[in-house]
Amino acid sequence: MKKIFFFVTLFIAVILISSCEKDAGKLPLISFKTATGYTAADASITKGASIKMGVDCEKAEKYDVLKKFNISKSVNGAAAVSVYDQDLSGADQDKFSYDYSITQDTVVGRKTTYTYTITNRDGLVNQVTCTLTTK
Amino acid sequence: MKKSRYLISGLLFLSIVAKAQTDSIGRVIDRQEKSIQNILKDEHRMQHQIKDVIISAYQEESAKHTALSIETISIDSLARTGTFTLTDLMAKTAGITKLSTGVGIAKPVLRGLYGNRLLILMNGLKFDNQQWQDEHGLGLSEMGLSKVEVVKGPMSVLYGSEALGGVLNLIEENKAPINRRLTDFTDKMNTNTFGGSVDYGTRINHRGKNWSRFRLHIDNHADYSDGRNSRVLNSRFDGYALKYSYGFQKEKWTSEWHWASSFNRFGFIFNDIYSFVVEDPRQSRRLSYNPAHLVILNMFSNVNHWKINSKNQFNFNWGVQSNERMEREGSGAISLNMHLLTAQYLAKWEHRLNLKHSLILTHYNQMQSNVNYGARKIIPDARMQEANFSLYWEYNPKEELVFESGISYGEKYIQSLLTVAVNDAKKEIKPFKGVHPFYSFFSGVSYNPTEWLNMKLNIANGIRVPNLAELSSNGLHEGIFIYELGNPNLKNENSIGLNGSIGVDVKQWNVQITPFYTLYKNYIYLAPTNQTWYGFKRYAYEQQDAMQMGGEFLISYKQDNQWEAHLQYAGMQSKTADGNYTPFIPAQKFSSGVQYSVKIAYLPAFVISTSVDHCLAPQGGYVNEILAKQYTLWNAGMSFVWNTPRVNYDISLNGNNLLNTVYFDNLSRFKDYGIYEIGRNIALRVKLSWNQVSEKKHVDKK
């Protein structure tokens, strides 16, 4: 009986030891470029005008790996459509920048929302969005 | 360096233990010599009797007296053939193949079904190693096992959900004979992986009142090379395992307590791994930084048997399993970390009504909890509970005829818990809970009109409640980088199948034919959609009806215990109702072999063998599935068995894929990455075993 008691105690001990804290994970970092010449916030843009938006992405933890960059576009709240995809490799997996040029459409009052998404190898995503209204 | 130290310490420990055993034998050998041959004969006879009894059936009985289609795989004899894992070893049997992710990661496939469609039993209880994902291997070695019983066809009546395609029952080694201590040490070495395994075990039986067993196993392999002699970087793996068992008998009660613990690490390969993994020395075993899967498994079980009287027997098995899976896939740190905790019991009451009728009542219950500890999550935290009740009736109108029928009712409760990034407010699938009820039945007949003929036929349904991944996946699948979306509204997967078996045993000839035909309702599969998730392809779980049919054929010839030859074939077809093939279906396979044994008095028994495996190209595959080409492998080997009064020596040398064929099997997940299977491998296995008196005073009293 002592052996059996020892068995059960040892098993419970091992289970407890093998349990651990939860790791929520840190989202990869993404932000709009704010330098001169970049649009970095919601704005009204003249129809047919050209603008430039840029984003900076960076891993949030030492062992993180950036995996994919995506830009999607949604018009007047409709479903978003992917307009640009890039698989990241090499140095881009640590830090990545991208500039995106847009020619504003010609329908006055139309609201176009651009979503910039960075995904890391764990499937954690972070996004920034910007809505451009045609005037 | 750290790893080498562990390995050297392990080997040193084992050699000290082995030395101690040898010294101990020396001290008692004089007393033993006269009686040892008789004891060995008794043990052999006992093992022979046990071998004929099938444990996986509803009650323990001879294979000919159950309507189930059952085959037995002997572990010790197949372990001589240069296998790397338990799955490798089982795949030598017709109808069993393996879904592999390299040499170390493999899960068994029975008639095209694997994962949660195939039930693995250990000590009479379900073994769950988070088998819902293709790249999660079985993670068990042959350590301490004596045989595997393969039940082809559903067994949901007894075991509920998941016993859909069949059962692989892993049977532990027998206890030592009364007042004996059996000790063995096995060393395996492989030229291809520059690695191998060591296994040490000892069993002792005190007067038949109580007995115990201890076993230790270490695996260690570097990367393998394919048939072009190209190294498959990061295919390395290692593992450490131990088992301890204690059993006792008190009048009508027999009880066995088993503990098994293991830690395995498998180098992992996926589609973009070679863009960042740097080649290290050829024999490197380093797994501390490169992508790897780490699995910590602790299993505790208690098997009880009460022989109440000549008409009533009661069995009660219960156990707890803890399975922690950690995955590091390219970010240099553990990202997926899931802990699956399972507690379960199976109660079985056998009642013999009279000489012709028996009744068996069973109740199975299982409780599970899945918790994510890592940053990467694909399935949510969850709680599950399953219960199953069954009634089984056996009717023996004549000695040569057995009818068996059973029905069962069960239900499975699944509750997914709020898990950030899987089912939170931003996600499509929200936390859910629900009960999935199910019914199953079995009916069959076994007929032995003569000594040499056995015919079986059974019809049965199998049941599988959708697993957590199918119901609630909502995330990026690591490695293959597709977004997987579950569906909480999936229905139970149901099968109804006919399984037959004809066995002919005439003089030196043995023929076995085992056909099957199965229809599935609501077969679940992962299908591509035309949507994307932030640039990643999106797949969703769907279901539709399906059909599988095929069978196995074996013919063997044995002459004077000297010559043995066999030819076996396995083939099947599997399609969904829309006419598509289901994914990962084994191709038709022929295996043939010849073996010659020589036994001359006082000299070691010598066996030489050769075999050829030929796999045809598959007839078709799932949408966009890459298909394997046909291939042929030639294997050969020799072994010596030499029994001395002190030590038994069992030495074997085997060469697999001797022609260094460049190929991939249709069930290799590496086929998507253009990575080939293992090339030529020469394996040397040395097994030493000792049989000694365990308690001198008790022998003296006798």
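Since we're looking at a predicted model, the values are computed, not measured.

Q: Pulling in residues and values, what's your account of the overall build of chain A?
A: From N to C terminus, chain A includes 1 helix and 8 strands. Along the chain direction, N to C, the helices and strands of chain A fall in the order α-β-β-β-β-β-β-β-β. Out of the 135 residues in chain A, the part that is buried amounts to 39%. Per element, the accessible surface of chain A, about 7300 Å² overall, is 56% carbon and sulfur.

Q: So what about the overall build of chain B? Which residues, and what values?
A: Broken down by element type, chain B carries 6 helices and 33 strands. When contacts within chain B are restricted to residue pairs at least 6 apart in sequence, those whose partners lie at least 24 apart make up 66%.

Q: Before we move on, can you summarise the sheet that holds strand E4 (residues 66–75) of chain A with the specific residues and values?
A: Residues and elements named next belong to chain A. If you trace the 5 strands from one edge of the open sheet to the other, you get E2-E8-E7-E4-E5, paired in mixed fashion. If you trace the sheet from one side to the other, it starts and ends with strand E2 (43–45) and strand E5 (81–87), each paired once. Put simply, the sheet's adjacent strands are angled 20 degrees from each other on average, direction ignored.

Q: An account of the confidence of the model for chain A is needed here, citing residue identities and associated values.
A: Interpreting fine coordinate detail is not advised for predicted regions of low pLDDT. Here chain A averages 86 in pLDDT, while 85% of its residues score no lower than 70. Element-level mean pLDDT values for chain A span from 62 in helix H1 (residues 2–18) of chain A up to 95 in strand E1 (residues 29–32) of chain A.

Q: Got a sec to walk through the interface of chain B and chain A? Specific residues and values, please.
A: Across the boundary between the two partners, chain B contributes 42 residues, which contact 32 residues of chain A. Note on chain B versus chain A: buried area summed over both sides is about 3200 Å², and carbon and sulfur give 66% of it. Linking chain B with chain A are 1 salt bridge, by the criterion used here. Ionic pairing is found between Asp 122 of chain A and Arg 376 of chain B, a salt bridge with its closest N-O pair at 3.7 Å.

Q: Please set out the pattern of salt bridges residue by residue, giving values where relevant.
A: All names here are of chain B. Overall, the coordinates contain 38 salt bridges over all chains when judged by the stated rule. Lys 152 is paired through a salt bridge with Glu 552; the nearest N and O atoms lie 3.2 Å apart. Highlighted residues: Lys 152 in strand E8 (residues 145–152) and Glu 552 in strand E27 (residues 536–559), separated in sequence by 400 residues. Residue classification places Lys 152 among the buried residues on the basis of a relative accessible area of 1%.

Q: Tell me about the environment of Thr 532 of chain B, and please be specific about residues and values.
A: Its place among the elements puts Thr 532 of chain B in strand E26 (residues 509–533). On a C-alpha basis, the gap between Thr 532 of chain B and Tyr 483 of chain B in space is 7.9 Å, while along the polypeptide they are 49 residues apart.

Q: Please give an account of the environment of Thr 661 of chain B that cites residues and values.
A: Residue and element names in this part refer to chain B. Positionally, Thr 661 belongs in the loop between strand E32 (647–656) and strand E33 (681–693). Distance in space between the C-alpha atoms of Thr 661 and Tyr 631 is 7.7 Å, their sequence separation being 30 residues. With near-sequence residues (within four places) excluded, Thr 661 lies in contact with Gly 227, Tyr 631, Thr 632 and Leu 633.

Q: Tell me about the nonpolar core, residues and numbers included.
A: Counting residues in each nonpolar core, the largest one holds 23 residues, and the members touching the most others are Ile 73, Leu 86, Met 90, Leu 140, Val 148, Leu 168 and Leu 170 of chain B. Elements represented by at least two residues in this core include exactly helix H2 (75–78), helix H3 (86–90), strand E6 (119–122), E8, strand E9 (166–172) and strand E15 (292–307) of chain B. Look past the residues within four positions of Val 148 of chain B in its chain and what remains in contact with it is Glu 71, Thr 72, Ile 73, Ile 75, Leu 86, Met 90, Leu 168, Asn 169 and Leu 170 of chain B. Listed in part, the 21 residues of the second largest apolar core include Ile 30, Val 55, Leu 66 and Tyr 98 of chain A.

Q: Provide a residue-level description of the sheet that holds strand E3 (residues 69–74) of chain B, including the pertinent values.
A: All names here are of chain B. On the basis of which strands lie adjacent, the open sheet formed by 5 strands has the order E3-E8-E9-E6-E7 and mixed pairing. Edge strands, defined here as strands with exactly one partner in the open sheet, are E3 and strand E7 (125–126). Pairing geometry for E6 and E7, over 2 bridges, is antiparallel. Among the inter-strand pairings, Met 122 is bridged to a residue of E7, identified as Leu 125.

Thresholds applied
- Every chain's residues receive numbers from 1 upward, in the order its sequence appears when written.
- Labels follow written order: the first chain is A, the first ligand is 1, and so on.
- Two thresholds apply to this predicted model, a pLDDT of at least 70 for residue-level local features and 80 or more for giving and counting side-chain atom pairs, whereas whole-chain, interface and lining totals are computed over all residues.
- Remark: hydrogens and water are excluded; side-chain values derive from all non-hydrogen atoms of the structure.
- Secondary structure elements are taken from DSSP: a helix is a run of H or I of four residues or more, a strand is a run of E of two residues or more, and numbering for both begins at the N terminus.
- The buried label applies to any residue whose accessible area, calculated with a 1.4 Å probe on protein chains only, is under 20% of its type's maximum; exposed applies above 50%, and partly exposed to all values in between.
- The Shrake-Rupley method, run with a 1.4 Å probe, gives the accessible areas here. Residue values count only the displayed protein chains as cover.
- Residues count as neighbours in contact if any of their non-hydrogen atoms are within 4.5 Å of one another.
- Strands are labelled as partners when DSSP assigns at least two bridges between them.
- Interaxial angle, 0 to 180 degrees, is taken between N-to-C directions of lines fitted to C-alpha atoms, where a helix line uses only the stretch in contact.
- Confidence per residue, as judged by the predictor, is encoded in pLDDT with a range of 0 to 100.
- Buried area: the sum, over both parts, of the accessible surface (1.4 Å probe) that disappears when the two are put together.
- By salt bridge we mean one thing: a side-chain nitrogen of Lys or Arg within 4 Å of a carboxyl oxygen of Asp or Glu.
- The criterion is simple. A nonpolar core is a set of buried Ala, Val, Leu, Ile, Met, Phe, Trp, Tyr and Cys residues joined through side-chain atoms within 4.5 Å.

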